[in-house]
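Architecture at a glance
What follows is the residue order along each chain.
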Amino acid sequence: MAAEEKQKGWALKEHSRAEQAREKEPCVLLGQQLGEAERFAYAALCGISLAWLFPEPEQSSFRVEFIEGFVKWLDLPEAVLPTMTAFVSGLGGEGTETFAEILLKDPILKENPVVITQDLLSFSLRDGYYDARARVLICHITWLLRIPLEELEVLEESLLESLKEQKEEESETAEVARKKKDRRRKLKRYLLIGLATVGGGTVIGLTGGLAAPLVAAGAATIIGSAGAAALGSTAGIAVMASLFGAAGAGLTGYKMKKRVGAIEEFEFLPLTEGKQLHITIAVTGWLCTGRYGSFTAPWSSMLQSREQYCLAWESKYLMELGNALDSLLNGLVNMMAQEALKFTVLSGIVTALTWPASLLTVASVIDNPWGVCLHRAAEVGKHLAHILLSRQQGRRPVTLIGFSLGARVIYFCLQEMAQEKDSEGIIEDVVLLGAPVEGEAKSWQAVRKVVSGRIINGYCRGDWLLRFVYRTSSVQIKVAGLQPVDLDDRRMVNMDLSAVVSGHLDYMKQMDTILKAVGIKTKECRLEEKGSASLFSPPAKKSQQAEGSETQEEKNRVQEEDEAEGE
């Protein structure tokens, strides 16, 4: 019996030693594992992708700085810099597939290609903030290497969990909890090594960003106990202030202390409970009594990010508009207008139509509140721009989505940001649905500077209400919510929603269906996550990206979980 006890004690000691050995096991950056040819291909792929994603002259400094830092990160010789600079300047685009194949043939990446996503994420966070352009690049490289986009979200969530050191859910088994904890530990150690390797004095000198809390979280063995102790005191403050906004409250902590110009109401309402490395802000277009009496109601099914907000603005005026819409559209006038449309060519250009007399007699019912809200939406949009520029939300990519006058708020937000310095790298994607804004391409040129990912314009050619409120405008005016915006830019994605939206009110009532149609994730349809990858893929291949069947996606998910468990 004593011998058995002794053997058991010895086994426990050995297990403990093995655990400690795993903790001390050196974490090697991907750049130190790949051969020089693979590292060159990796950097070249990023350089060519940067040139395709951000070709504008004003993005030149970002492209060059990114690739210079990346060459150092991968420990490539300085002699390759002229070649990489040529790639980020737009040369060598035809080599994309070749470089991708070289990477996919490497034994390390063939076994687990997700390490590329992990490495790019680590590099992008090295300075303590998450640039929207960097996230768009990561999504694009992930797509090129045929890695499910969900993997990036998993890595981002793992990083946050390791920073917050949240307790495991009680419902989880010990084994599942251990595996998740192990995965977070590996990711955190990988980031620590990267930061300590390339950060040097920057890390020790307290950037006030991610570097401080990451290093303090357990880097004594890497940077020395004195350095870790110096960082530890500010770790919590640093991560909250830099990543999540002032005092960690982020957008929920913002309230308009006094009236700004004509604006009476401006507040962010949380749609979800969690935190995420990228956030989504939704803007509602009007309010009405009943089911859609709150700003949050239309967005109940959306799950684009685990951290989502809804902008509450000018509710008094939006409710007046909603009531006017109800009284106008629920009566005989609606039928009259539909009859008139039968004799109208739906060209997408608002023309001086011969509207029914019955409709024109009650025009003031809609014209007055609509005019007031048009003006206020523009003012609210400009204010939103300055909130985002001040990094109230922290240093994280932001996705904006809005319908009707909410889309107008976003449009004016982007226009205002475009006029300011340092406005790049904040906005990831924007989705405008039924937008009552200018539809001429020249009016959208400036927006390209601000948006890193996609500008989705969802329109409906048969939206007679939008046509009606613009009836007194110039004959040649174009409205974005009625037809495509012919902007020659990879960011611009026009989506005809006429099959889903029969009239303007449907933007609120059919939001769940519309979100799925434009590739925004919903609670009910998480399996459509791959569809969002198409937001970052070249337009020509976008349709292919969304074709995967549910069964195949399930297989991919099982395979990914197996790989994670095997790490």
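None of these values were measured; they are calculated from a predicted model. (Residues numbered from 1 in each chain as written. Predicted model: local features only at pLDDT ≥ 70, side-chain atom pairs only at ≥ 80, totals over all residues. Heavy atoms only, no water.)

1. Here's the deal with the nonpolar core
Counting residues in each nonpolar core, the largest one holds 89 residues, and the members touching the most others are Trp299, Trp313, Leu388, Leu400, Ile427 and Trp444. Excluding its chain neighbours within four sequence positions, the residues that come into contact with Trp444 are Tyr411, Leu432, Val437, Glu438, Gly439, Ile455, Ala480, Val485, Leu487 and Met492. (Core = buried A, V, L, I, M, F, W, Y, C linked by side-chain atoms within 4.5 Å. Buried < 20%, exposed > 50% of the residue type's maximum accessible area, 1.4 Å probe, protein only. Contact = heavy atoms within 4.5 Å.)

2. Describing the sheet that holds strand 5 (residues 427-433)
One open sheet holds the 7 strands; their spatial order is 1-3-2-4-5-6-7, and the pairing between them is mixed. Edge positions in the sheet fall to strand 1 (266-270) and strand 7 (492-496), since each of these pairs with one other strand and no more. Direction aside, neighbouring strands of the sheet carry axes that sit 20 degrees apart on average. In terms of strand pairing, strand 2 (residues 279-283) meets strand 3 (residues 308-313) through 4 bridges, oriented parallel. Each residue of the ladder has a partner; that of Val283, found in strand 3, is Leu311. With respect to the sheet, helix 21 (residues 405-418) is in contact with strand 2, strand 3, strand 4 (398-403) and strand 5, its orientation differing from that of strand 4 by roughly 140 degrees. (Pairing = 2+ DSSP bridges. Helix = DSSP H or I, 4+ residues; strand = E, 2+ residues; numbered from the N terminus. Axes fitted to C-alpha atoms, helices over the stretch in contact; angles between N-to-C directions.)

3. Points about the pattern of salt bridges
On inspection of all chains with the given rule, the structure shows 17 salt bridges. Between Glu156 and Arg135 there is a salt bridge whose closest N-O contact spans 2.9 Å. One end of the pair, Glu156, is in helix 10 (residues 150-164); the other, Arg135, is in helix 9 (residues 132-144), and 21 residues separate them in sequence. Across the pair, Arg135 and Glu156 agree in class, each one buried. (Salt bridge = Lys/Arg side-chain N within 4 Å of Asp/Glu carboxyl O.)

4. Here we look at the confidence of the model for the protein chain
On average, residues of the protein chain score 75 in pLDDT, and 63% of them are at 70 or above. Predicted confidence is poor over residues 198-237, with pLDDT under 50, and the contacts of this stretch with residues over four places away or in other chains come to 61 contacts. Note that pLDDT drops below 50 for residues 561-567; the model gives that stretch 8 contacts with residues more than four away or on any other chain. (pLDDT = per-residue confidence, 0-100.)

5. Quick word on the side chain of Arg63
Inspection of the secondary structure puts Arg63 in helix 4 (residues 60-73). Ignoring sequence-local partners within four residues, the contact set of Arg63 consists of Leu50, Ala51, Phe54, Pro55, Glu56 and Val88.

6. A short note on helix 9
The end-to-end C-alpha separation of helix 9 is 18 Å, in line with the 18 Å expected for 13 residues at 1.5 Å each. Of all 13 residues in helix 9, 13 are buried; the element is thus mostly enclosed. A distance of 2.7 Å separates the backbone nitrogen of Arg133 from a side-chain oxygen at the start of helix 9, and that oxygen is part of Asp131. Positive phi appears at Arg146, one or two residues downstream of helix 9, with a value of about 60 degrees. (Expected span 1.5 Å × (residues − 1). Polar contact = N/O pair within 3.5 Å; in protein donor to acceptor, adjacent residues only side chain to side chain.)

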